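A closer look at the structure
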Amino acid sequence: MKAAIYYSNSDIRIEEKQIPQISDTEALVKIFASGVCGSDVMEWYRLKKAPLILGHEVAGQVVKTGSKVTNCKIGDRVAIAHHVPCNTCYHCLRGHH
């Protein structure tokens, strides 16, 4: 697969990467679009972590599912939020993740 790899604000390279392996409880999504926000390009913060793949709030299509995945199937179009809810606090328990 191809990925845009961040080395610095003036050096972003399209590189070939291996397709990730998934577990029985994961789904593999081919990304069609991804958000990149201001915090992603704060060079003073990101440079020491480079090289890395930036972006979050992605949209794409499920291309593979693990054997225990039941809430999506190959071919589904999905949007994935970058926040992971705790599902235990007051707000999460009321559906406000």
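Residues numbered from 1 in each chain as written. Predicted model: local features only at pLDDT ≥ 70, side-chain atom pairs only at ≥ 80, totals over all residues. Heavy atoms only, no water.

**Here we look at the confidence of the model for the chain**
In low-pLDDT segments, the atomic positions of the prediction should not be examined closely. The criterion, for reference: The pLDDT score gives, residue by residue, the confidence of the prediction method on a 0 to 100 scale. Helix numbering and strand numbering both begin at the N terminus, where a helix is a DSSP run of H or I of at least 4 residues and a strand a DSSP run of E of at least 2.
Here the chain averages 91 in pLDDT, while 100% of its residues score no lower than 70. Looking over the chain, one finds the lowest element-wise mean pLDDT in helix 1 (residues 43-46), namely 84, and the highest in strand 2 (residues 11-16), namely 96.

**Regarding unusual backbone geometry**
Residues Ala50 and Pro51 are joined by a peptide bond in cis, for which omega reads 0 degrees. Mapped onto the elements, Pro51 comes out in the loop between helix 1 and strand 4 (56-65). Positive phi, normally seen in glycine, also occurs at Glu57, with a value near 55 degrees. Note on placement: Glu57 falls in strand 4. Of note in this structure, Asn87 is not a glycine but carries a positive phi near 60 degrees.

**Section: the environment of Asp11**
Note the threshold: Three labels apply to residues, based on accessible area from a 1.4 Å probe with only protein chains included: buried if under 20% of the type maximum, exposed if over 50%, partly exposed otherwise in between. Only heavy atoms enter the contact rule, under which two residues are in contact if any of them lie within 4.5 Å.
With respect to the helices and strands, the residue Asp11 is situated in strand 2. Of the residues examined, Asp11 reaches a relative accessible area of 23% and is grouped as partly exposed. Sequence separation between Asp11 and Pro51 is 40 residues; the distance between their C-alpha atoms is 9.9 Å. Excluding residues that lie within four positions of it along the chain, Asp11 makes contacts with Ile5 and Tyr6.

**What about the side chain of His56?**
As for its position among the elements, His56 is in strand 4. Beyond its immediate chain neighbours, meaning those up to four positions away, His56 contacts Ser34, Gly35, Cys37, Asp40 and His82.

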